[in-house]
Structure formats: structure tokens, C-alpha cells
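# A closer look at the structure
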Amino acid sequence: MSFSTTYANEYVLQDKQLRVQASNENTYLKELAVNTSNGSPDIAPEWTSLVTRSKGAEISRHLDVLGVNWNQDSLRSQGDKAGLVTSVMSQDGRLELRRQLNMVPGEPWFRFGLEFINHSSSPLVLEQKLGLQLGPGLGEYPVKGFGIADTLYSFVEPVSFSEGEGLQRFPFENELADKGYDVNSASWAGLQSRYFALLLIPEDASQSLGGVRIFSGSKSPDLPPRYLPKVTIELELGTLLPKSTIERKYIIYVGPKSKEALVNDDYDFSALLFPDLWQWMRSLSFTILWVLGIIHAVIPSWGLAIIVLAVCVRLLMYPLAQRALKSQQIFLRVQKAMQPELVAIKKNYKGGEQSERILQLYEQHNISPLAGLKPFLMVLIQIPIFVALFNVLGQVFELRAASFLWIDTLAEPDRLFSLGSTIPLLGSYFNLLPVLMAVSTLLMISMSSIPTSSDSENKNRKIWGQLLMAFAFFVLFYPFPAGMVLYWAMANILHLIQQWYVGLSANDREPCSS
């Protein structure tokens, strides 16, 4: 960790994880930045600011103490390698606030202490709502070009956690800009974006923060209100006796939303990861992340790791898929042989009698009408993996800078090239992976389809139905993270290969009744 004075009355405290800047010109942190490189001494730091700026001026007031009219002329800062200390007096000279910030070398958090000192000879009744503020904003700005998914890839959101309520999230939309929230008691609280968090927790884990107030923040001419929420921790100091001091000590987490960083002996902020999922789905997401980490340790490419994961899942499901595909191939062959009889039944009978005779025909051929649906069970089984993988690739910090082939980051759409204009719902970029995924889906549907009447009208209806389903998958997946679309496209390709292989020997199989 290093400390340096960059210029008069301004101080910078920095190590390989964090950079903090304070000055004698304000009562809040002028800069709060996180190193987003891998921390290697051979790589220059890549600092990402968590201070929001509007038209070049910072508007975040992280760690500002509200509720007292401070005398800015009395503001003093000093620092050394141990940390930064700032002091300021109230306008009447009776109350002093000392703030001490101590970084922990190599960690994405620091210790933060407040001392309120009564210099007068009479009690100070601090009944007003003194608060410690985080925000407005968290250095996050709007992104464009992802169509309906813009807010998926960029947001700022207040959060709080208590043992009784669990994680509470407070999203602000434009139409709710003036709305606020009150949380009676929280174990910890703060702000989060897609990849970063600024969180405050008492240093004594047995204590709670007390009341938390959440607001949409100041209005800005160039930032939507939803990017400017702020969180105020109510200090609830009560009465301060003459010549006495009241202390408040906190841990401030300033770092990435990676599981490794969010959990240690002093805190556990892992509730921020995959919060919208049921617990078993969260466990599946953590398992997938763990498996991907193991694969990535062997193959240092997240794109190849995702492909290998798809192969592993297919191998795991191979026996079930093999049985289902063989049954389907036999079903298609029998269905083709039955086709003339089915056409005759549909021509000569109507209503319940038609249905009864069709069922009798299936019984005569010793096959179930539902046997052709078995391959779709494989798709249903993979849906939990798809949901978990979507959350992993869409939220986890480790994949933030994971590039592959032409893809800059697997955590966003692949963006092969810019379209030059915006298409409603789809955005401003041409994404190649959803096209490949839609084509593989169309092929899979075509190979799995059940033959119908030979007349051209029914054939056309079948073709249009398949195209419509493939198009629906294309639109659905278009704004999704490239890593997730890569996995799904690879899963489709593996399914097609297995389906083709099974089809080579289908003619040697006997009909099955299941």
C-alpha cells in the first residue's frame, strides 16, 4: 500500500485493490476506485471509479455525514501509510466530527470510524436525523444498443439485508423518481451495480445498522433518476454528554461482486449473487460457476470452458438422451408406415370415433402416441441449467472481461458489427450467435418432427410452424449474454450430432411401447 500527496490539501491512499482520494475542500470522498485487472504485479491497474459524475463534476457524496451544518473552513485532512483522518467542526464550534479510514492491504474493503466529540460544557441533544450517506449513484452510466435488455446490462440499485427479511432490493424507475423507502433495521446496506458493490456493515457483527433511508437521489440533466439512488444510514446518536465522545465503527466493502471477494471472516455479502432464484437454483448456479472455474483453470478461455461445459452436460445426459432419441426414430418410422391408415381414419370418421380409432391404430402397432415427444424432455431437463447459466454469465464479475473469438465479452451480446441504426426490441448491433442458435434449433425441430398428412397445405403449415418457433427463439435469445447463447447453440449442435448418429441405426430397431 502506498500513500502520496498529489497536490496541496489532497490525499490519495492506494494499494493493488482500492484507491481513495480525499481533500480539505469537502466532507466526502472525492474518489473511490476499484482495480478491475487481475491484480498481477506485471499488469498495470485498471481503475474503475465508483463516483458518479454529471457533466464532468462528481455528484456522489460517499461517506458524507448529514444532519449538521459543518464549517467547511475548519475541515482538515491528514494521512500516512496507515490511513486517512479528516476532522471538521460544526458552525457553532461545539461538535467535532473525526473520520478515520484505514485500508486493509490487498483487500476490497476498509475500516471506517466516526467520532462525535462534544467540546462544550453542556450536553448536546442530537435528536435530528444524522446520517451517513452512500451515493448518489455508483459510477454506473446508461448503455444503449441492446434493445429491450439495456437495463439488464447497466443499473444502480440500493440494497439492504437483515436476518428476518433477507436481501431487499429497491429499484428506481423514471416514473418513481420521487419515491423513497425506509428500512427499520438492517444488518448491512448499500448500493450495487451489475459488477460492483459499495456496502456498509457494523464492525461488530453482533450489531445492526439500525434505520436505513433510501432515496432516488439528486436530479441530473444528463443521467436518468434510476442511476442516482442514495442510501443514508441513520446514526441515532441521542444525547452527547459534555467533553465526551460517541464512536461508530464500520466495515466498508468497495469491490467486485465475485463470491471470493464477497465472503470472508468479517462479512458475508453473497446474498447479492443470483438473488432472484430459488435456493436450489442458486446452488445450481454456484455449482456451474465452480465447474466453469475448474475447466477454466485447465483451459484458460472462458468461451472454450463454456463449450466444454456443454459437452460435459451432454455426456452426463447421454444415456437418457440416447434412449429417448432411439425411441423417437422408431416412432417416426412407424408413424410413416401408419400414415395411409391415419389419413383414411381422418377422412372417414369425425369427433370421438376418430380419436378412438386412432388410439386403436397406435395400439395395433404397439406404440404410444406420446413417444415422439421424448426428445423434448431433454430440452426441459436443460432449462434449469439454462436459467442458472443465464444468471452466471449475466452477473458474475469473473466473466466481465471474458473475450472469445470476435466477442469482446461473453457477458453481453456478441455484437459482430454495428447496424448503423436501432431496430426495435433488438438494438443497434448484429449478433451472430443467436442466428446460429436459431438455425440449429430449426434443424433440431425439423429432425424431431412427426410426419403428417402428405397434402401440400399441411406441409406448408408445418414448415411455417417450425420457422415461427425458430424465429421466436431468435428474438428471445438475441439480447442475451453471448456466453449463454454460445452454450445453448453448442447444446443444440451436440443434440443434432447424437440425433444423426442414432438415425443411422434406427432401421435395425424394433418398435417400443414406451
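Each remark here, short or long, concerns the structure printed above.
The paragraphs below set out a description of the structure included in this document. (Residues numbered from 1 in each chain as written. Predicted model: local features only at pLDDT ≥ 70, side-chain atom pairs only at ≥ 80, totals over all residues. Heavy atoms only, no water.)

### Re the overall build of the protein chain
Heads up, the rule is: By the criteria applied, helices consist of DSSP H or I runs no shorter than four residues and strands consist of E runs no shorter than two, each listed in order from the N terminus. Burial classification: accessible surface area is computed with a 1.4 Å probe over protein chains only, and a residue below 20% of its type maximum counts as buried, one above 50% as exposed, and the rest as partly exposed. When checking whether two residues touch, look at their non-hydrogen atoms; a contact exists if any pair is within 4.5 Å. Only the protein chains shown count as covering a residue, and every accessible area follows the Shrake-Rupley method with a 1.4 Å probe.
Looking only at helices and strands, one finds ten helices and 25 strands in the protein chain. Relative to its 514 residues, the protein chain shows a buried fraction of 50%. Contacts in the protein chain between residues far apart in sequence, at least 24 positions, make up 65% of those at least 6 positions apart. When the accessible area of the protein chain is evaluated, it comes to approximately 24,600 Å², of which 57% is carbon and sulfur surface.

### Observations concerning the side chain of Thr409
What counts here: For the purposes of these results, a polar contact is taken to be a pair of N or O atoms within 3.5 Å, where, inside protein, one atom must be able to donate a hydrogen and its partner to accept one; residues adjacent in sequence count only when each atom of the pair is a side-chain atom.
Relative to the helices and strands, Thr409 resides in the loop between α7 (374-395) and β24 (417-423). Among the polar contacts made by the side chain of Thr409, one reaches the main-chain carbonyl oxygen of Arg400 at a distance of 2.9 Å. A polar side-chain atom of Thr409 sits 3.1 Å from the main-chain amide nitrogen of Ala411. Beyond its immediate chain neighbours, meaning those up to four positions away, Thr409 contacts Leu399, Arg400, Ala402, Arg415 and Ala482.

### Brief notes about the pattern of salt bridges
Operational definition: When a carboxyl oxygen of Asp or Glu lies within 4 Å of a side-chain nitrogen of Lys or Arg, that pair is called a salt bridge.
Across all of its chains, the model carries ten salt bridges by this definition. A salt bridge links Asp64 to Arg61; its shortest N-O distance comes to 2.8 Å. The partly exposed category is assigned to Arg61, whose relative accessible area is 31%. The shortest N-O distance in the salt bridge between Glu234 and Arg213 comes to 3.9 Å. Placement of the pair is Glu234 in strand β21 (residues 230-234) and Arg213 in strand β20 (residues 210-215), with a sequence separation of 21 residues. Look at Glu234 and you get buried, because its relative accessible area is 12%. A residue is classified by how much of its surface remains accessible, and Arg213, at 31% relative accessible area, is partly exposed. Each of the salt bridges in this network shares a partner with another, and the network as a whole consists of Glu157, Arg169 and Asp276.

### Details of helix α4 (residues 302-316)
Going by this rule: The span expected for a helix works out to 1.5 Å for each residue beyond the first.
For α4, built from 15 residues, the straight-helix expectation of 21 Å at 1.5 Å per residue is met to within 8% by its first-to-last C-alpha distance of 21 Å. Along α4, the positions that sit buried rather than exposed are Trp302, Gly303, Ala305, Ile306, Leu309, Ala310, Val313 and Arg314.

### Here we look at a nonpolar patch on the surface
Rule in force here: What goes into a patch is any residue over 30% in relative accessible area without a salt bridge, connected to like charges within 9 Å or, for nonpolar side chains (Val, Leu, Ile, Met, Phe, Trp, Tyr), within 5 Å.
A contiguous nonpolar surface patch, about 310 Å² in accessible area, is contributed by Leu416, Phe417, Leu419 and Ile423. Structurally, Ile423 is set in strand β24. Given a relative accessible area of 37%, Ile423 falls into the partly exposed group.

### Some remarks on the sheet that holds β20
Going by this rule: Whether two strands pair comes down to DSSP finding at least two bridges between them. Orientation is described by lines fitted to C-alpha atoms, with helices fitted over the stretch in contact, and by angles between N-to-C directions that extend from 0 to 180 degrees.
The sheet built from five strands is open, its strands ordered β8-β14-β21-β20-β17 with antiparallel pairing. If you trace the sheet from one side to the other, it starts and ends with β8 (64-66) and β17 (181-186), each paired once. Across this sheet, the average inter-strand angle for adjacent strands is 30°, counted without regard to direction. As defined by bridge partners, β8 adjoins strand β14 (residues 131-134) across three bridges and the pair is classed as antiparallel. Across the sheet, residue Val65 finds its bridge partner in β14, namely Leu132.

### Description of the packing of aromatic side chains
The condition that has to hold: Between 30 and 60 degrees the pair is tilted, below 30 it is stacked and above 60 it is edge-to-face, where a pair is any two Phe, Tyr or Trp rings, Trp via its six-membered ring, whose centres lie within 6.5 Å.
For the structure on display, the rule yields 19 aromatic pairs. Taken together, a centroid distance of 6.4 Å and an interplanar angle of 75° make the contact between Tyr195 and Phe397 edge-to-face. A residue pair is termed long-range when its members are at least 10 positions apart, and Tyr195 in the loop between β18 (188-193) and β19 (196-202) and Phe397 in the loop between α7 and β24 qualify at 202 residues. Relative to Phe269, the ring of Tyr267 has its centre 4.6 Å away and its plane inclined at 15°; by these criteria the two rings are stacked.

### So, helix α3 (residues 279-298)
One turn of an α-helix holds 3.6 residues; hence residues three or four places apart share an orientation. Look at α3: 29 Å from first C-alpha to last across 20 residues, which is about the 28 Å you get at 1.5 Å a residue. Listed in full, the buried residues belonging to α3 are Met281, Arg282, Ser285, Phe286, Ile288, Leu289, Leu292 and Ile295.

### A closer look at unusual backbone geometry
Of all residues except glycine, most have a negative phi; of all peptide bonds, most are trans. The omega torsion across Gly135 and Pro136 is 5°, close enough to zero to call that bond cis. When you line up the elements, Pro136 lands in the loop between β14 and α1 (150-153). The phi dihedral of Glu236 falls on the positive side, at around 50°, and the residue is not glycine. Inspection of the secondary structure assignment puts Glu236 in the loop between β21 and β22 (238-240). A relative accessible area of 52% means that Glu236 is categorised as exposed. Backbone geometry at Lys243 places phi at a positive 55°, although glycine is not the residue there. Following the sequence through the fold, Lys243 ends up in the loop between β22 and β23 (245-256). Using a relative accessible area of 61% as the deciding quantity, one classes Lys243 as exposed.

### Quick look at the pairing of β18
For β18, a buried count of six out of six residues is recorded, marking the element as mostly surrounded by other parts of the structure. The alternating pattern of β18 places Trp188, Gly190 and Gln192 on one face and Ala189, Leu191 and Ser193 on the opposite face, and all of these are buried. In this sheet, β18 lies alongside strand β15 (residues 156-162) in antiparallel orientation, the contact comprising six bridges. Within the sheet, the bridge partner assigned to Glu157 lies in β18 and is Gln192. Pairing between β18 and β19: four bridges, direction antiparallel. Of the residues in β19, the one forming a bridge with Gly190 is Leu199.

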